[in-house]
Amino acid sequence: MYFIAELAERVSLSRSTLLYYEKQGLIAGKRQANGYRIYSEKDAQRLRLIQKLQAGGLTLKECKACLNSRVDRSLLLKRLKQLDDEIAQKQQSRQLLAAMLGEGELKAWHQSLDEVAPDAHLEWLMNQGFTQKEALRLKWLSKDMNTHEQYMNDFMQVFEALDRWGPGSEKDTLEALARVPFEPARILDIGCGKGIATTLLAAHTSAHITAVDNDEPALARLVERVQDDGMADSIETICVSMTDLSFDEASFDLIWAEGSAYIMGVANAFTQWQKFLEPQGVLVLSDLVWLNGAPSQEALTFWQQEYPDMTTVARRVEQANEAGYTVIDTFSLSDESWQSYIKPLEARVNALRSTIPESAALRNIETELNIYRHHLGEFGYQMFVLRKAIT
């Protein structure tokens with residue numbers, strides 16, 4: 001038999017807790033003639049059983065029900081489901097923290113955050129020490145921000161020797177230009193890269209061209225190109241992010257963006273760039289889209305991971321209309337455009353395979369090339385020629 005203080009010490013509970021349990025009918029002390037309560041070994045064991053049940057997630061009321069009658073299986077199943085959900089949530093939390101410490105991948109987390117808070121996501125990445133250029137690329141290219149520097153070094157080692165960083169050809173660029181319904185005078189080329197399209201626009205128009213990109217080495221190559229071609233007077237280069245343009249409203253009659261708008265999101269580009277166009281100005285933009293209503297699972301899985309914003313031509317047209325454009329024309333880039341990108345990229349990958357054999361960036365590029373080889377036609381690049389609607 002135990003006095004209440006002895007029982008409290010035996011089961012590691014406070015005296016007030018035992019008095020509350022007694023009030024709830026969970027234990028039953030016997031009052032002696034001198035007024036003291038005493039408790040039996042049965043009370044001690046009931047208390048230990050209650051502690052075990054509570055450790056399983058049961059409330060005190062549910063513990064009492066289990067003690068006084070048969071176990072309610074539906075109740076236990078409900079508690080088990082809640083516990084499983086809590087464990088799953090905690091496991092996700094642990095995986096995130098581990099990934100942020102370099103022990104896992106953050107790709108899915110970057111993608112999910114970019115869907116709900118893209119601006120805050122970009123600002124947060126920059127607060128971690130990434131430049132704006134690196135932060136924009138991190139969301140699409142790297143699998144882990146902790147290995148991002150090595151990943152991007154390898155990625156740039158592959159692409160720095162290539163003029164084209166995406167599908168395109170002189171034929172398709174000039175085809176799109178031919179569908180612009182006026183002679184442009186002021187062109188803004190966004191994400192111009194090394195300036196292949198820029199120099200074509202300069203050669204086939206008399207416009208003044210402002211070429212912007214956030215990659216200084218690419219702009220340096222563009223400057224070399226225009227100086228060699230004698231076009232330096234008609235082209236101005238500015239190193240700035242496409243998300244941070246500060247031109248006056250209605251500054252341009254033509255905005256050109258081949259294969260670059262995906263970085264900030266095509267729907268965002270439609271909206272944010274429109275103010276730079278004069279009334280009835282034209283936006284020419286190309287983007288990777290689904291061309292097949294029932295793509296293969298391999299292609300679907302790959303692009304859902306690498307470009308989750310990828311959609312159909314019809315959806316891009318809807319987004320353009322919603323942003324205040326009318327469609328002048330749209331067409332798929334030719335096979336020539338793809339081959340002018342794929343063949344030099346394959347050659348570059350083959351040349352570097354022995355140099356950086358363990359490179360995650362190289363493996364990802366090889367996977368992408370394999371998708372091109374087997375599934376091109378299910379998807380492709382689409383050129384959109386859009387006119388700013390009159391408001």
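Each chain carries its own residue numbering, running from 1 in the direction its sequence is written. Local features in this predicted model are restricted to residues of pLDDT 70 or higher, and side-chain atom pairs are both shown and tallied only at a pLDDT of 80 or more, whereas totals for entire chains, interfaces and linings draw on every residue. Remark: hydrogens and water are excluded; side-chain values derive from all non-hydrogen atoms of the structure.

Some details on the overall build of the protein
Test applied: In DSSP terms, a helix is any run of H or I states spanning at least four residues, a strand is any run of E spanning at least two, and both are numbered starting from the N terminus. For this measure, only C-alpha atoms enter the radius of gyration; the expected value for a globule follows 2.2 Å times N^0.38, where N is the number of residues. The buried label applies to any residue whose accessible area, calculated with a 1.4 Å probe on protein chains only, is under 20% of its type's maximum; exposed applies above 50%, and partly exposed to all values in between.
When helices and strands are counted, the protein shows 17 helices and 11 strands. Computed over the C-alpha atoms, the radius of gyration of the protein is 32 Å, more than 25% above the 21 Å expected from 2.2 N^0.38 for a compact globule of 391 residues. Dimensions of the protein, computed from C-alpha atoms along their principal axes, come out at roughly 115 × 55 × 40 Å. Burial statistics for the protein: of 391 residues in total, 44% are counted as buried.

Focus on the pattern of salt bridges
Going by this rule: Take a side-chain nitrogen of Lys or Arg and a carboxyl oxygen of Asp or Glu: if they are within 4 Å of each other, that pair is a salt bridge.
Scanning all chains against the criterion turns up 15 salt bridges. Across the pair Arg37 and Glu22 runs a salt bridge whose closest N-O atoms are separated by 3.6 Å. Of this pair, Arg37 sits in strand β3 (residues 37-39) while Glu22 sits in helix α2 (residues 15-23), and the two are 15 residues apart along the sequence. The class of Glu22 is buried, set by a relative accessible area of 17%. Lys81 serves as the salt-bridge partner of Asp85, at 2.8 Å between the closest nitrogen and oxygen. With Asp85 and Lys81 both in helix α5 (residues 73-100), this residue pair falls 4 residues apart, about one helical turn. Ionic contacts of the salt-bridge type, sharing partners, join the residues Glu175, Arg179 and Asp329 into one network.

As for the state of the cysteines
To keep it simple, the criterion reads: To count as a disulfide, a pair of cysteine sulfur atoms needs to be within 2.5 Å.
The final tally for this structure, using the stated rule, is 0 disulfides. Here Cys63 is not cross-linked by a disulfide; its sulfur's nearest cysteine counterpart is in Cys66, at 6.7 Å. For Cys63, a relative accessible area of 0% corresponds to the buried category. Looking at Cys239, it has no disulfide partner, and the nearest cysteine sulfur is the one in Cys192, 9.4 Å off.

Concerning a nonpolar patch on the surface
Selection rule: For patch detection, residues must exceed 30% relative accessible area and be free of salt bridges, and they are connected within 9 Å for like charges or within 5 Å for nonpolar side chains (Val, Leu, Ile, Met, Phe, Trp, Tyr). Only the protein chains shown count as cover for residues, and the accessible areas themselves come from Shrake-Rupley with a 1.4 Å probe.
A cluster of nonpolar residues, Leu77, Leu80, Leu83 and Ile87, forms a patch on the protein surface that exposes about 360 Å² of accessible area. Looking at where Leu77 falls in the secondary structure, it is placed in helix α5. Judged by its relative accessible area of 51%, Leu77 falls in the exposed class.

Digging into helix α14 (residues 297-306)
Selection criterion: Note: the arc covers the axis-to-C-beta directions of the helix.
Buried within α14 we find Ala299, Phe302, Trp303 and Glu306. The buried residues of α14 all sit within an arc of 90° when viewed along its axis, so they share a single face.

A word on the packing of helix α1 (residues 4-11) against α2
Let me state the cut-off plainly: To obtain an axis, a line is fitted to C-alpha atoms, over the contacting stretch when the element is a helix, and the angle between two such axes runs from 0 to 180 degrees between their N-to-C directions. For classification, angles of less than 35 degrees are called roughly parallel, those exceeding 145 degrees roughly antiparallel, those between 65 and 115 degrees roughly perpendicular, and all remaining angles oblique. Should any heavy atoms of two residues lie within 4.5 Å, those residues are considered in contact. Polarity classes work like this: nonpolar for Ala, Val, Leu, Ile, Met, Phe, Trp, Tyr, Cys and Pro, charged for Asp, Glu, Lys and Arg, and polar for all others, with Gly in that last group.
α2 packs onto α1 with a crossing angle of 100° between their chain directions and a minimal axis gap of 9 Å. With respect to each other, α1 and α2 are oriented roughly perpendicular. For the pair α1 and α2, contact is made by Ile4, Leu7, Ala8 and Val11 and by Arg15, Leu18 and Leu19, respectively. Classifying every residue of the contact of α1 with α2 gives 6 nonpolar, no polar and 1 charged.

Here's the deal with the environment of Pro357
Its place among the elements puts Pro357 in the loop between α16 (335-352) and α17 (360-375). When its relative accessible area of 49% is taken as the criterion, Pro357 is described as partly exposed. With 122 residues separating them in the primary sequence, Pro357 and Ile235 have C-alpha atoms 40 Å apart.

Overview of the environment of Leu60
Relative to the assigned elements, Leu60 resides in helix α4 (residues 60-68). Considering only alpha carbons, one finds Leu60 and His374, 314 residues apart in sequence, at a separation of 62 Å. Filtering out sequence-adjacent residues up to four positions away, Leu60 remains in contact with Tyr20, Tyr21, Leu26, Ile50 and Gln54.

As for unusual backbone geometry
Phi angles above zero are rare outside glycine, and Ser12 is one such case at about 60°. By the secondary structure assignment, Ser12 is in the loop between α1 and α2. The exposure class assigned to Ser12 is exposed, which follows from its relative accessible area of 65%. Here Ala250, not a glycine, exhibits a phi torsion of approximately 60°, which is positive. With respect to the element layout, Ala250 can be found in the loop between β6 (235-239) and β7 (252-258).

Focus: the sheet that holds β3
Quick reminder of the rule: Two strands form a pair only when DSSP identifies at least two bridges running between them.
Reading across from one edge, β1-β3-β2 is the order of the 3 strands in this open sheet, with antiparallel pairing throughout. Each edge of the open sheet is held by one strand with a lone partner, namely β1 (2-3) and β2 (30-31). Across 2 bridges, β1 lies against β3 in antiparallel orientation. Directly across from Phe3, in β3, lies its bridge partner Ile38.

Let's talk about the side chain of Asp253
Definition in use: What qualifies as a polar contact is a pair of N or O atoms within 3.5 Å, subject to a donor-acceptor requirement within protein and to the restriction that residues adjacent in sequence count only when both atoms come from side chains.
Note on placement: Asp253 falls in strand β7. Of note is the side chain of Asp253, whose polar atom sits 2.8 Å from the backbone nitrogen of Ala185. For Asp253, the contacting residues outside a window of four places in its chain are Phe182, Glu183, Pro184, Ala185, Arg186, Ile187, Leu277, Glu278, Gly281 and Val282.

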